[in-house]
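Close look at the chain arrangement
So the chains spell out like this:
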Amino acid sequence: DTEVTQTPKHLVMGMTNKKSLKCEQHMGHRAMYWYKQKAKKPPELMFVYSYEKLSINESVPSRFSPECPNSSLLNLHLHALQPEDSALYLCASSQEPAGPSTGELFFGEGSRLTVL
Amino acid sequence: QQPVQSPQAVILREGEDAVINCSSSKALYSVHWYRQKHGEAPVFLMILLKGGEQKGHDKISASFNEKKQQSSLYLTASQLSYSGTYFCGTGFYTGGFKTIFGAGTRLFVKA
């Protein structure tokens, strides 16, 4: 099983809603990531979890709240989002958190978020 | 810290070759190449770790010139399936491992 599974695939929410994006991997990877991707742009790093602890927060607004309940799961809680937050949210995992040789990222297919 | 890619876009006929370049104004410790097809997730192609390292994968290969702080991706005898956006990424460790992607090179291969 070499998949990173993200749900939901599509999400439409209002600015006052609270929703969550979910990500799951069963490859035994110990690093998990959230990236945001706008159309025709590269993926932009948001958060990194290493061994279930938040190790990098790229100055992401607090309306995005990540959570790593266990080594296989990663959530992104969304609250009071703005229309400009509409994007594709990609989850990724890698084998180990440290070292470039293990930095190969396995991406999920993403959750396409639209904020009205 | 975002690496710079060139060209921004390439249109090829099947069987033609292409080169995509990636450079950085800061030291590169590793270079990662990914391909993303429209509507799909990015897919890992290869990592280059050392200056002078070259790797190949089918008819796609890459080189890494550490001194010049640049990497190049070579696509030989391109196939329709090579179409997509190619991203180079620079990886470094800062409490956790970060991969920062360049803006991407859109490659379109036509029959």
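Residues numbered from 1 in each chain as written. Chains lettered and ligands numbered in written order. Predicted model: local features only at pLDDT ≥ 70, side-chain atom pairs only at ≥ 80, totals over all residues. Heavy atoms only, no water.

Observations regarding the overall build of chain A
Along chain A, the regular secondary structure elements total zero helices and 11 strands. For chain A, the α and β elements follow one another from N to C terminus as β-β-β-β-β-β-β-β-β-β-β. Radius of gyration (C-alpha) of chain A: 13 Å, near the 13 Å computed for a compact globule of 116 residues. Seen through its principal axes, chain A has C-alpha atoms that stretch 40 × 25 × 25 Å. The proportion of buried residues among the 116 residues of chain A is 48%. (Helix = DSSP H or I, 4+ residues; strand = E, 2+ residues; numbered from the N terminus. Rg over C-alpha atoms; globule rule 2.2 N^0.38 Å. Buried < 20%, exposed > 50% of the residue type's maximum accessible area, 1.4 Å probe, protein only.)

Quick word on the state of the cysteines
Taken as a whole, this structure holds two disulfides over all chains when the rule is applied. Each sulfur in the disulfide pair cysteine 23 of chain A and cysteine 91 of chain A lies 1.9 Å from the other. Disulfide cysteine 23 of chain A-cysteine 91 of chain A: torsion about the S-S bond near -70°, hence left-handed. With cysteine 23 of chain A in strand E3 (residues 18-25) and cysteine 91 of chain A in strand E9 (residues 87-94), this pair connects stretches of sequence that are 68 residues apart. On the basis of relative accessible area, cysteine 23 of chain A is assigned to the buried category, the value being 1%. According to the relative accessible area criterion, cysteine 91 of chain A is buried, its value standing at 0%. Between the sulfur atoms of cysteine 22 of chain B and its disulfide mate cysteine 88 of chain B the distance is 2.0 Å. Handedness here is read from the sign of the S-S torsion; for cysteine 22 of chain B and cysteine 88 of chain B, about 70°, the answer is right-handed. A residue pair is termed long-range when its members are at least 10 positions apart, and cysteine 22 of chain B in strand E3 (residues 18-23) and cysteine 88 of chain B in strand E9 (residues 84-93) qualify at 66 residues. Accessibility classification places cysteine 22 of chain B together with cysteine 88 of chain B in one group, the buried group. Left unpaired, cysteine 68 of chain A is separated from the closest cysteine sulfur, that of cysteine 91 of chain A, by 9.2 Å. (Disulfide = S-S within 2.5 Å.)

All quantities given are derived from atomic positions and should not be read as evidence of function.
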